[in-house]
Amino acid sequence: QWDIAGLSWDKEQCGTERVSVPREKLWVPDIHISEFMDEDKSPHMPYVYLYNTGRVYDDKPVRVVSSCKLEIYNFPFDIQTCSLTFGSYLHFASEIRMFPGRTEEQILNETKGVLETNGEWDLFNITVVPSRLELDSGNYSEIEFQLILRRRPTLYVVNLLVPSCFLVTLDLFSFLLPPQGVDRSSFKMTLILGYTVFLLIMNDLLPVTGNTTPLINVFFSISLALMVASLLETVFITNIQFSSSQYSAVPHWLRVLVLRYLAVVVCMPPKKKSNRVTVYLNPTNKDISPDSTRNKSSINITENQGISTDLHPVKAPTRPAAPPEPALEELRRLSRDLTAIRLQVDKHFQGSKTAEEWQMIGIVIDRLLFGLYILFILASFVTITGIWILNNMYAA
């Protein structure tokens, strides 16, 4: 609407208050929309209304394809603000001054009454902001309508978030399967394949515009990364269960990091060392040599003379060395065999201890990843629920 000075009449004498006049017969301001992005395909209206006071009323439909900067970080719980700025392209603010003809509440109620959407967006509010564009050539009067739109998230929650949470929860419960079998790794590979196909199918529902990465994309990426990490961890544990006896000793830094610190984090305190001491008797051949035996078996004989106080030690007569007996040789051979058996037993127990340490490391890593899974699911649930509640509170 605009006023033309000097163009008026008396409605009592002329018998009418309003007449329709061809658009070409009157001056029409060059009002345009700054965010317009496409060719104007709105239908042409040949007439305008002219009132007896000189006010011109121009009412025509306009099909607007505009640009809007989207903030999709909270997708699908996002609220967008799109602007439509009306102003003159040629005339300065001293010639044309823009101001709203109705209040914001009236504009919002009328717009909601005629609004038709595709079901994805809700018109939450409309604000009117008069502004002034200042350039070197002059100032231009403008009026900006800010449309606050809220996305309806039900479609995306049902089709994206709920199936993804089901698959992640299913992968979480797969930790209850025994890692010794092959079923656990096969199950996890099937889950990863299904989750990848799910993301490819639902990729069209995700936004492709915006300056920031949506939080839901981060959720999907972390979920897939945890699934892959759990599969690799399952392969590692399965390898430990079947091949740990062939491994070398656990490095000291790995033993300290995993078995001393990470084990406490996952509520698996290290086992206390036993105070029992095993003593091995390892007699050598020198200890059982004939000379030592002969020395130990030497006898000193003293003869007590009734009237004499001198003691004369008498040594037993020495005998020539006898040839080795067969029983003694058999005992020596048995001693050597027992020594070899003891060394093999020690080596076996040493290998069993190494295998036990590797298996303990695998169990600690398995429980650590299980705990990270639980923390990720809880954090995701709290974040999604909080954003949804804030979205509903803002809409209310």
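What you see is a predicted model, and the numbers here were worked out from it, not measured in a lab. (Residues numbered from 1 in each chain as written. Predicted model: local features only at pLDDT ≥ 70, side-chain atom pairs only at ≥ 80, totals over all residues. Heavy atoms only, no water.)

1. A few points about the state of the cysteines
Here the structure, examined in full by the defined rule, presents one disulfide. Here Cys68 engages in a disulfide with Cys82; their sulfurs sit 2.0 Å apart. Between Cys68 and Cys82, the S-S torsion sits near -90 degrees, and that sign places the bridge as left-handed. One end of the pair, Cys68, is in the loop between strand S5 (55–57) and strand S6 (79–88); the other, Cys82, is in strand S6, and 14 residues separate them in sequence. (Disulfide = S-S within 2.5 Å. Helix = DSSP H or I, 4+ residues; strand = E, 2+ residues; numbered from the N terminus.)

2. So, the sheet that holds S5
Strands pair in a sheet through their backbones, by hydrogen bonds, and they do so in one of two ways: parallel or antiparallel. Strand order in this open sheet of four strands is S1-S5-S4-S2, and the pairing throughout is antiparallel. Since the sheet does not close on itself, it has two edges, and those belong to strand S1 (2–3) and strand S2 (18–22), each with one partner. Examined bridge by bridge, strand S4 (residues 47–51) and S5 share two bridges and lie antiparallel to one another. Bridging across to S5, Leu50 finds its partner in Val56. (Pairing = 2+ DSSP bridges.)

3. Some details on the nonpolar core
The nonpolar side chains of a soluble globular protein tend to be buried with one another. With 26 residues, the main nonpolar core has Leu160, Ile216, Phe220, Met227 and Tyr373 as its most contacted residues. Sorting elements by how many residues they give to this core places helix H3 (residues 154–173) first, with seven residues. Among residues more than four places away in sequence, those in contact with Tyr373 are Val168, Asp171, Leu172, Phe175, Ser223, Leu226, Met227 and Ser230. Counting residues in each nonpolar core, the second largest holds 11 residues, with Val250, Val258, Ile361 and Val364 among its members. (Core = buried A, V, L, I, M, F, W, Y, C linked by side-chain atoms within 4.5 Å. Buried < 20%, exposed > 50% of the residue type's maximum accessible area, 1.4 Å probe, protein only. Contact = heavy atoms within 4.5 Å.)

4. Some words on the environment of Ser185
Turning to its location among the elements, Ser185 is positioned in helix H4 (residues 183–201). With a relative accessible area of 12%, Ser185 lands in the buried category. Once the C-alpha coordinates of Ser185 and Ser174 are considered, the two residues, 11 residues apart in sequence, prove to be 9.3 Å apart. The contact partners of Ser185, leaving out residues within four places of it in the chain, are Leu231 and Thr234.

5. Concerning H4
Between the first and last C-alpha of H4 there are 27 Å, a value that for 19 residues agrees with the 27 Å anticipated at 1.5 Å per step. Looking at H4, one finds that the buried residues are Arg184, Ser185, Lys188, Leu191, Ile192, Tyr195 and Phe198. Taken down its axis, H4 places every buried residue within 145 degrees of arc, on the same side. Residues of H4 that are exposed and point more than 90 degrees away from the buried face comprise Asp183, Thr190, Leu193, Leu200 and Ile201. (Expected span 1.5 Å × (residues − 1). Arc of directions from axis to C-beta.)

6. A closer look at the packing of aromatic side chains
Enumeration over the complete set of coordinates arrives at eight aromatic pairs. Centroid distance Phe219 to Phe220: 5.8 Å. Interplanar angle 50 degrees. Geometry classified as tilted. For Phe219, a relative accessible area of 10% puts it in the buried group. Here Phe219 and Phe376 contribute two aromatic rings whose centre-to-centre distance is 5.6 Å and whose plane-to-plane angle is 15 degrees, an arrangement assigned as stacked. (Phe/Tyr/Trp six-rings, centres within 6.5 Å; stacked < 30°, edge-to-face > 60°.)

7. Section: the side chain of Lys188
Looking at where Lys188 falls in the secondary structure, it is placed in helix H4. Setting aside anything within four residues of it in sequence, one finds Lys188 in contact with Asp171, Ser174, Phe175, Ser230, Leu231 and Thr234.

8. Focus on the sheet that holds strand S7 (residues 121–134)
Overall, antiparallel pairing links the four strands, which are arranged S3-S6-S8-S7 in an open sheet. The open sheet has two edge strands with one neighbour each: strand S3 (31–33) and S7. Each strand of the sheet is rotated relative to its neighbour by a mean of 20 degrees, with strand direction disregarded. Pairing of S3 with S6, which is carried by three bridges, proceeds in the antiparallel orientation. Counterpart to His32 in the pairing with S6 is Gly87. Relative to the sheet, helix H2 (residues 104–114) contacts S7 and strand S8 (139–151), its axis offset from that of S7 by approximately 135 degrees. (Axes fitted to C-alpha atoms, helices over the stretch in contact; angles between N-to-C directions.)

9. What about the confidence of the model for the protein?
Of the residues in the protein, 80% have a pLDDT of 70 or more, and the chain-wide mean is 77. Note that residues 274–316 has pLDDT below 50 and, in this model, 20 contacts with residues that lie over four places away or in other chains. (pLDDT = per-residue confidence, 0-100.)

10. Describing the pattern of salt bridges
Taken as a whole and judged by the stated rule, the model has 10 salt bridges. Here Arg55 makes a salt bridge to Asp3, at a shortest N to O gap of 2.9 Å. In this pair, Arg55 sits in strand S5 while Asp3 sits in strand S1, placing the two residues 52 residues apart along the sequence. Linking Glu110 and Arg102 is a salt bridge whose minimum nitrogen-to-oxygen distance equals 2.0 Å. The exposure class of Glu110 is partly exposed, given its relative accessible area of 43%. By relative accessible area, which is 42% here, Arg102 ends up partly exposed. (Salt bridge = Lys/Arg side-chain N within 4 Å of Asp/Glu carboxyl O.)

11. Side note on the pairing of S4
What you see with S4 is a clean split: Val48 and Leu50 sit on the buried side and Tyr47, Tyr49 and Tyr51 on the side with no burial. Here S2 pairs with S4 via five bridges, running antiparallel. Each residue of the ladder has a partner; that of Val21, found in S4, is Val48. Between S4 and S5, which follow one another and run antiparallel, lie three residues, and Gly54 among them has a positive phi close to 95 degrees.

12. Some details on the side chain of Arg151
Structurally, the position occupied by Arg151 is in strand S8. Its relative accessible area of 5% is what places Arg151 among the buried residues. There is a polar contact of 2.7 Å between the side chain of Arg151 and the side chain of Asp78. At 2.6 Å, the side chain of Arg151 forms a polar contact with the side chain of Glu120. Apart from the residues lying within four places of it in its own chain, the contact partners of Arg151 are Phe75, Pro76, Asp78, Glu120, Trp121 and Tyr156. (Polar contact = N/O pair within 3.5 Å; in protein donor to acceptor, adjacent residues only side chain to side chain.)

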